[in-house]
Amino acid sequence: MIGKLIGIVDTINESSIILMVNGVGYNVFVPTSTTTRVNTGDNLTLWIETHVREDHIHLYGFATAAEQTWFNTLTTVQGVGAKMGLAILSTLQPNQILNALHSGDKTMFTSVSGVGPKLAERIVTELKSKIKSMTLATPDKIGMTSDTSQQTGLSASAMDAINALESLGYKRAAAYDTVIKILTENGDMPVEKLLPLSLKQLS
């Protein structure tokens, strides 16, 4: 089973690249976030998922371990196959997916071509409970816990503030967006300071 490929980009197609590794060209399906940032002749490392079927063997490649984890997670949802998983990752970054699930933002997923309201709702419903145990190598983000650049979720103060706002009658999505905005602009802070600032913005 192929887990990772390190080679030189030979050909760039709309949804795949040919990666030359020790004289062998591997056709790898990748998100457009990869095809748009590489050039022919670039050295490239891809994390690989291998799908074996009776009539084909397909390789799916990802620039980061986070993308690979999200691909595997998204494709556990009924109606999200490999092609749709790539489409989601072509439109949304891993941290955007995580944020959308935390806030229950279904419209984020309907921005992906081919994802309708019913599928978006299924993605949020099925995955929201799973993300609490996920550890993803996503870019550092204010208000997220960090351990050697790996994100495990919202910081305790952020979650406490969101829960408090929700208990006061604010919608969770609005509370989430407000808290993240404040933390992004000001850096992490204790809930005693974060909550009043959030209330001020929401009012």
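Reading the values: the criteria
- Residues numbered from 1 in each chain as written.
- Predicted model: local features only at pLDDT ≥ 70, side-chain atom pairs only at ≥ 80, totals over all residues.
- Heavy atoms only, no water.
- Pairing = 2+ DSSP bridges.
- Helix = DSSP H or I, 4+ residues; strand = E, 2+ residues; numbered from the N terminus.
- 1 Å grid on protein atoms, 1.4 Å probe; cavity = no way out; pocket = protein on both sides within 12 Å on 5 of 7 lines; lining within 4 Å.
- Points joined across faces, edges and corners; volume = space filled by probe spheres on them.
- Nonpolar A, V, L, I, M, F, W, Y, C, P; charged D, E, K, R; others polar.
- Buried < 20%, exposed > 50% of the residue type's maximum accessible area, 1.4 Å probe, protein only.
- Contact = heavy atoms within 4.5 Å.
- Axes fitted to C-alpha atoms, helices over the stretch in contact; angles between N-to-C directions.
- Left-handed = near helix turned anticlockwise from the far one by under 90°.
- Core = buried A, V, L, I, M, F, W, Y, C linked by side-chain atoms within 4.5 Å.
- Parallel < 35°, antiparallel > 145°, perpendicular 65-115°, else oblique.

What follows concerns the pairing of strand β5 (residues 57–62). Alignment of strand β3 (residues 24–29) against β5, held across two bridges, turns out to be parallel. Within the sheet, the bridge partner assigned to phenylalanine 29 lies in β5 and is tyrosine 60. By the bridge criterion, six bridges tie strand β4 (residues 43–52) to β5 in an arrangement that is antiparallel. What sits directly across from tryptophan 47, in β5, is phenylalanine 62. Between β4 and β5, which pair antiparallel and follow one another directly, the connecting turn spans four residues.

Moving on, we get to the layout of surface pockets. A volume near 250 Å³ is recorded for the largest pocket. Within the residue set of the lining of the largest pocket, elements represented by two or more residues are β5 and α3 (82–91). When residues in the lining of the largest pocket are grouped by element, the largest group, four residues, is from α3. Here the residues of the lining of the largest pocket are counted per class, giving six nonpolar, four polar and two charged.

Before going further, it helps to spend a moment on the side chain of serine 198. Residue placement: serine 198 occurs in helix α9 (residues 191–202). Looking at serine 198, the relative accessible area reads 0%, which means it is buried. Leave out the neighbours within four places in its chain, and serine 198 touches Leu165, Thr178, Val179 and Ile182.

Before going further, it helps to examine the packing of helix α8 (residues 172–186) against α9. Taken N-terminus to C-terminus, the directions of α8 and α9 make an angle of 115°; their axes are 10 Å apart at the nearest point. The two elements α8 and α9 meet at a crossing, and its hand is right-handed. Between α8 and α9, the contacting residues are Ala174, Thr178, Val179, Lys181, Ile182, Leu183 and Glu185 on the first element and Leu194, Leu197, Ser198, Gln201 and Leu202 on the second. By residue class, the composition of the contact of α8 with α9 is seven nonpolar, three polar and two charged.

If you look at the biggest cluster of nonpolar residues, it comprises 26 residues, and the most contacted ones within it are Ile88, Ile97, Leu101, Phe109 and Ile123. Those residues in contact with isoleucine 97 that sit more than four places away from it in its chain are Trp70, Leu74, Ile88, Leu89, Leu92 and Phe109.

Between helix α4 (residues 94–103) and α8, the shortest axis-to-axis distance is 8 Å and the interhelical angle comes to 135°. Relative to α8, the element α4 lies oblique. On the side of α4, the interface is formed by Asn99, His102 and Ser103, while α8 contributes Arg172, Ala173 and Tyr176. Its residues placed into classes, the contact of α4 with α8 shows two nonpolar, three polar and one charged.

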